[in-house]
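Working through the structure, step by step
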Amino acid sequence: MAAASGSSPLTTHVLNTADGVPAARMALSLHRLDSKLMIWNMLSVGTTNEDGRCPELISWQTFTPGMYKLRFETGSYWESLGQTCFHPYVEVVFTISNPVQKFHLPLLMSRFSYSTYRGS
């Protein structure tokens, strides 16, 4: 898919599969690995909207080849619902080799499990 102006090349959608609803108001952060120093640099922070999406994670200009990490604050999300969970956060690490493509990274979660995949 070619780069589209005005939209983020990386999107996410978080779904609370236990309740069958979008995971609204979940904090998350995007990081890129500095391959020389081997440390993670935070690029952006955000919160999912009412639909469980965080649409503007990174600009096309900032989206370069490398290793990235998307951290979801699942513990805080469940706590805000008055519930406990097994995973206090979820970190999904992935590699971008072709930054002109659009990447979608959904997170499907319950209080005790999660799964993710590369969407379109």
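Each chain has its residues counted from 1, running along the sequence as written. Reporting of local features is limited, given that this is a predicted model, to residues whose pLDDT is at least 70; pairs of side-chain atoms are given and counted only at 80 or more, and all residues count toward the totals for whole chains, interfaces and linings. Side-chain metrics in this entry use all non-hydrogen atoms of the structure; hydrogen atoms and water are not considered.

1. Some points on the overall build of the protein
In terms of regular secondary structure, the protein is built from one helix and eight strands. To qualify as a helix, a DSSP run of H or I must reach at least 4 residues; to qualify as a strand, a run of E must reach at least 2; elements of each kind are numbered from the N terminus. Going residue by residue from the N terminus, the α and β elements of the protein occur as β-β-β-β-β-α-β-β-β. In this treatment the radius of gyration is a C-alpha quantity, and the globule benchmark scales as 2.2 Å times the residue count to the 0.38 power. In terms of overall dimensions, the protein is globule-like: its C-alpha atoms have a radius of gyration of 14 Å, near the 14 Å expected for 120 residues. Dimensions along the principal axes, computed over C-alpha positions, put the protein at roughly 40 × 30 × 20 Å. Burial here depends on accessible area, computed with a 1.4 Å probe over protein chains only, as a share of the maximum for the residue type. Under 20% is buried, over 50% is exposed, and the range in between is partly exposed. When burial is assessed residue by residue, the protein has 39% of its 120 residues classed as buried. Positive charges come from Lys and Arg alone, negative charges from Asp and Glu alone, with His and the N- and C-terminal ends not counted. To locate a charge, the coordinates of NZ of Lys, CZ of Arg, CG of Asp or CD of Glu are taken. Taking the average place of the 9 positive charges on the side chains of the protein and the average place of its 8 negative ones, the gap between the two points comes to 7 Å.

2. Let's talk about the environment of alanine 23
By the secondary structure assignment, alanine 23 is in the loop between β2 (21–22) and β3 (27–34). As a C-alpha pair, alanine 23 and tryptophan 78 span 55 residues in sequence and 9.4 Å in three-dimensional space. Among all residues touching alanine 23, those that are not within four sequence positions of it are Val14, Leu15, Asn16, Thr48, Asn49, Gly52, Tyr77 and Met109. Whether two residues touch is decided by their heavy atoms; if any such pair falls within 4.5 Å, the residues are in contact.

3. Concerning a nonpolar patch on the surface
Like-charged residues are merged into a patch within 9 Å and nonpolar side chains (Val, Leu, Ile, Met, Phe, Trp, Tyr) within 5 Å, provided each residue has over 30% relative accessible area and no salt bridge. To be clear on the numbers: accessible area is Shrake-Rupley with a 1.4 Å probe, and residue cover counts the displayed protein chains and nothing else. Basic side-chain nitrogens of Lys or Arg form a salt bridge, by our definition, when they fall within 4 Å of a carboxyl oxygen of Asp or Glu. On the surface, Trp40, Met67 and Val93 cluster together to form a nonpolar patch covering roughly 240 Å² of accessible area. Within the element layout of this structure, methionine 67 appears in strand β5 (residues 66–72). Its relative accessible area of 34% is what places methionine 67 among the partly exposed residues.

4. Some words on the sheet that holds strand β4 (residues 39–47)
If you trace the four strands from one edge of the open sheet to the other, you get β4-β3-β5-β6, paired in antiparallel fashion. Sheet topology places β4 and β6 (90–96) at the edges, where each strand pairs with a single neighbour. On average, each strand axis in the sheet is tilted by 20° relative to the strand beside it, whichever way the strands run. Pairing between two strands requires that DSSP report at least two bridges joining them. Where β3 meets β5, five bridges bridge the pair, whose relative direction is antiparallel. The residue bridging serine 29 from the neighbouring strand is arginine 71, located in β5. Note on method: axes are straight lines fitted to C-alpha atoms, helices fitted across the in-contact stretch only, with angles between N-to-C directions ranging 0 to 180 degrees.

5. Examining the pairing of strand β7 (residues 103–109)
Here is the key point about a regular strand: its side chains alternate between the two faces of the sheet. Most of β7 sits inside the fold, with six of its seven residues counted as buried. Relative to β7, strand β1 (residues 10–16) runs parallel, the two being bridged by seven bridges. Its bridge partner being in β7, histidine 13 is matched across the sheet by proline 106. For β7 and strand β8 (residues 114–116), the ladder comprises three bridges, and the chain directions are antiparallel. Within β8, the residue paired with leucine 107 across the bridge is threonine 116. What sits between the antiparallel neighbours β7 and β8 is a turn of four residues.

Coordinates in, geometry out; function isn't part of it.
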